[in-house]
Amino acid sequence: MPSAAHLAAPASQPFEIRPFAAGTGAEIIGLDLAQPLNDSDFARIHRAHLDYHVVVFREQNITPAQQVAFSRRFGELQIHVLKQFLLPGHPEILRVSNVVENGQNIGLSDAGKFWHSDLSYKELPSLGSMLYAQELPSEGGDTLFADMHKALEALPAELRNAVEGRKASHSYTARYNEPAINGYQRPTLTAEQLAQVVVVDHPVVRTHPETGRKALFVSEGFTTHIVGLPEDESRQILAELYRYSVLPENVHRHSWREGDMVFWDNRSVIHLAAGCPAHLRRTLHRTTIQGDAPF
Ligand code: SIN
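Residues numbered from 1 in each chain as written. Predicted model: local features only at pLDDT ≥ 70, side-chain atom pairs only at ≥ 80, totals over all residues. Heavy atoms only, no water.

Participant: Summarise empty space enclosed by the protein; cite the residues concerned and give the values.
Facilitator: Any empty space left between atoms is shown by rolling a water-sized probe over those atoms. If you walk through the whole model with that rule in mind, you get five cavities of 30 Å³ or more. Taken together, 19 residues line the largest cavity, and the ones lying closest to its centre are G112, H116, Y172, R186 and F222. Residue composition of the lining of the largest cavity, grouped by class: nine nonpolar, four polar and six charged. Lining of the second largest cavity is provided by V96, A111, G112, H116, L131, T143, W264, H271, L272, A273, R282 and R286. Here the element with the most residues in the lining of the second largest cavity is strand β17 (residues 269–273); it accounts for three residues. Tallied by class, the residues present in the lining of the second largest cavity amount to six nonpolar, four polar and two charged. (1 Å grid on protein atoms, 1.4 Å probe; cavity = no way out; pocket = protein on both sides within 12 Å on 5 of 7 lines; lining within 4 Å. Points joined across faces, edges and corners; volume = space filled by probe spheres on them. Nonpolar A, V, L, I, M, F, W, Y, C, P; charged D, E, K, R; others polar. Helix = DSSP H or I, 4+ residues; strand = E, 2+ residues; numbered from the N terminus.)

Participant: Give a description of the layout of surface pockets that names residues and reports values.
Facilitator: Roughly 150 Å³ of volume is contained in the second largest pocket. Surrounding the second largest pocket, A174, R175, E220, T223, T224, E231, S234, R235, L238 and Y242 form its lining. Among the elements of the structure, β14 (223–226) and α7 (231–245) are those that each provide at least two residues to the lining of the second largest pocket. It is α7 that provides the largest number of residues to the lining of the second largest pocket, a total of five residues. Here the lining of the second largest pocket is built from residues that sort into three nonpolar, three polar and four charged.

Participant: Break down the sheet that holds strand β18 (residues 283–290) for me, citing the residues and quoting the values.
Facilitator: The sheet built from eight strands is open, its strands ordered β1-β2-β3-β16-β8-β18-β5-β4 with mixed pairing. The sheet terminates laterally at β1 (16–19) and β4 (86–87), the two strands that pair on one side only. Across two bridges, β4 lies against strand β5 (residues 90–97) in antiparallel orientation. When the sheet's bridge partners are listed, L86 is paired in β5 with L94. Sheet contacts for helix α3 (residues 64–72): β3 (54–57), β4, β5, β8 (126–135), β16 (261–265) and β18; angle to β5, the most-contacted strand, approximately 110 degrees. (Pairing = 2+ DSSP bridges. Contact = heavy atoms within 4.5 Å. Axes fitted to C-alpha atoms, helices over the stretch in contact; angles between N-to-C directions.)

Participant: Tell me about the nonpolar core, and please be specific about residues and values.
Facilitator: Ranked by size, the top nonpolar core spans 26 residues in total, and within it L82, Y172, V262 and W264 carry the most contacts. Residue assignment for this core shows that the elements contributing at least two residues are β3, β5, β8 and β16. Setting aside residues no more than four positions away along its own chain, Y172 makes contact with H80, V81, L82, Y121, R186, L189, V197 and F222. Residues L144, A168, V218 and Y244 belong to the second largest nonpolar core, which totals 25 residues. (Core = buried A, V, L, I, M, F, W, Y, C linked by side-chain atoms within 4.5 Å. Buried < 20%, exposed > 50% of the residue type's maximum accessible area, 1.4 Å probe, protein only.)

Take a look at the structure:
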């Protein structure tokens, strides 16, 4: 028989949640994700994720299995279509990396070269992603996050009226073959991979399923056009929406530190990888949690 002590929930960890000054993003200090997490600590983290949209867990030292297990507490994990870049032994982890070994890229080198919300090209786009630093460059390599609730609030009434109630199409291949950074060439998608990334339509203005807040849900990375509008008009409106999406006052820039794991809400923000000099190595491990169908 297990003793009562064995059945007790893990003790709470005395961690602090410190919001960043600009309102988007917060850092979590003093939490060790390698230790078991009780329900009340988990609830605090969950709340911070909803309130700040981007949470940075500092000074972590966790294994891939621990990253996967923690990510799973938020929902089912999505497996990326580029199977060649999944971490061996851990298909739930996408390697984001510019490192070349034996003449082959070990990860997706240019993930995030355009603003996007992860997997918006799926029927069930991502709830959130966790990106865990493995090897960081001494210069550059930042990730930028833009608050899409604030973007929606910033739209002039005429523009908001033009898109509210409309849908937009999202495609993984929207910009897949565009000129690569640093000469990197993305792998040609197989017929099987293409079949997994068919075009989907989602509302241009979505409702966050947990907070009820409305957010803009288009991005230059994956959105191809607004359904039902002539091509010229759609292009013009999307360009305006993209401009409002990344107003500098609504963008948070994350400069990576060793031990950082960043967890963002793909229903509330879009993100962009700022890039780093080609000769510097950069590797991070990403898990991607499945969300609901946008409404
Ligand atoms: C991503 O878009 O998931 C990667 C972002 C980054 O590499 O900074």
